[in-house]
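Summary of structural features
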Amino acid sequence: MKILMSGGTGLIGSAFIEKFKGEHQFTVITRAPKKAKHLLGSNVAFVSDVSDIDDIGIFDAIINLAGEPIADKRWTDTQKQRICDSRWDITSKLVAKINSAGTPPPVFISGSAIGFYGSKGSVDVTEQTPPHEEFTHDLCAKWEAIATSVARDETRVCTLRTGVVLAENGGALEKMALPFKLGLGGKIGNGQQYLSWIHIEDMVSAIAYLLEHDSCHGPFNLTAPSPSTNKDFSHTLAATLSRPCLFTVPGFVLKIAMGESSDMILKGQKVLPEKLVTSGYMFAYPTLKGALEAIYKH
């Protein structure tokens, strides 16, 4: 396939390209082509903006993963707007190109997140679960609405409601593991809140699965089938790293440190990949123990 990708230098995009660069041709949208070339290799093509693409119909698929990291900075009003604009703007540009193409690409896969559902506590969350209104829902709902405004019958659209992606280098796990590596790890708050996670290998393989299966469309939860409570996650991570799990980080400390974004960690979601499993996808890493051992004991 000839694939056009945004967010190609991010955790998921770069892993996808690394796995499939021998199989597919990639063109990556990036404002820093030299840096991207160094990261992704010389066999990837680059464009600096969607407007540089004359005919988007030359591509067999578009994978749209661009977006400012959601938890890296405190959620000021300015940062919230930056988080939104970094997702909505490029998605709007891609959709406009698809809608105006003579022959549009057959498939458009666009990012989203389990933040779509908002805080749901310990309720089992599937693609059918109604959301809780809050910032992350508003962000993802508009992001998905823009993606699904593709008005061409020839273009199949899937949105990726992504959980916490577990990978050795980069992403949330690197930050979560650091206190454990230092012997200072432990649960957060009461530890009963759920963490919905997915191993990077399954994340990449599931995107490939959605690309290849024409019957798949609409939103998909990209999370492993066994979400974990924060307490269980902490103990499993500590055991994998052969480190103690002694401490508790009080919720109010996280609130002081992170502000409103701490709710994503303190409240949690128990998200299940119902549509993905029903469609026939088989997880390589369905359990947390297996996923963490694959990362740290390879």
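Cut-off values and rules
Along each chain, residues carry numbers from 1 onward, in the same order as the chain's sequence is written. The predicted nature of this model means local features are confined to residues of pLDDT at least 70 and side-chain atom pairs, given and counted, to a pLDDT of 80 or more, with totals for whole chains, interfaces and linings taken over all residues. Side-chain figures throughout are based on the complete set of non-hydrogen atoms in the structure, without hydrogens or water. Each helix corresponds to a stretch of at least 4 residues labelled H or I by DSSP, and each strand to a stretch of at least 2 residues labelled E; elements are numbered beginning at the N terminus. Partly exposed describes any residue whose relative accessible area lies between the buried limit of under 20% and the exposed limit of over 50%, with all areas from a 1.4 Å probe on protein chains only and scaled to the type maximum. Should any heavy atoms of two residues lie within 4.5 Å, those residues are considered in contact. Here the accessible surface of atoms and residues is derived via Shrake-Rupley with a 1.4 Å probe, and residues count as covered only by protein chains that are part of the display. The rule for pairing is simple: two strands pair if DSSP sees at least two bridges between them. Structural elements are reduced to axes, namely lines fitted to C-alpha atoms, with helices fitted over the stretch in contact, and the angle between N-to-C directions of any two is expressed from 0 to 180 degrees.

1. Here we look at the overall build of the chain
- The number of helices and strands found in the chain is 11 helices and 15 strands.
- Taken along the three principal axes of its C-alpha coordinates, the chain extends 60 × 40 × 40 Å.
- The burial tally for the chain puts 50% of its 298 residues in the buried class.
- Relative to all contacts within the chain whose residues are 6 or more apart in sequence, the contacts with residues 24 or more apart total 77%.
- Carbon and sulfur atoms provide 55% of the accessible area of the chain, an area that totals close to 13700 Å².

2. Quick look at the sheet that holds strand S5 (residues 107-113)
- The strand order across the open sheet built from seven strands is S3-S2-S1-S4-S5-S7-S12, with neighbouring strands paired in parallel fashion. Edge positions in the sheet fall to strand S3 (45-47) and strand S12 (218-222), since each of these pairs with one other strand and no more. Across this sheet, the average inter-strand angle for adjacent strands is 20°, counted without regard to direction.
- Summarising the sheet, strand S4 (residues 61-64) and S5 pair through four bridges and their orientation is parallel. Directly across from Ala61, in S5, lies its bridge partner Val107.

3. Re the environment of Leu40
- By secondary structure assignment, the location of Leu40 is in helix H2 (residues 33-40).
- Under the relative-accessibility criterion, Leu40 is labelled buried at 5%.
- When the C-alpha atoms of Leu40 and Lys297 are compared, they prove to be 25 Å apart, with 257 residues separating the residues in sequence.
- Leave out the neighbours within four places in its chain, and Leu40 touches Gly8, Thr9, Ser14, Ile17, Lys21, Val28 and Phe46.

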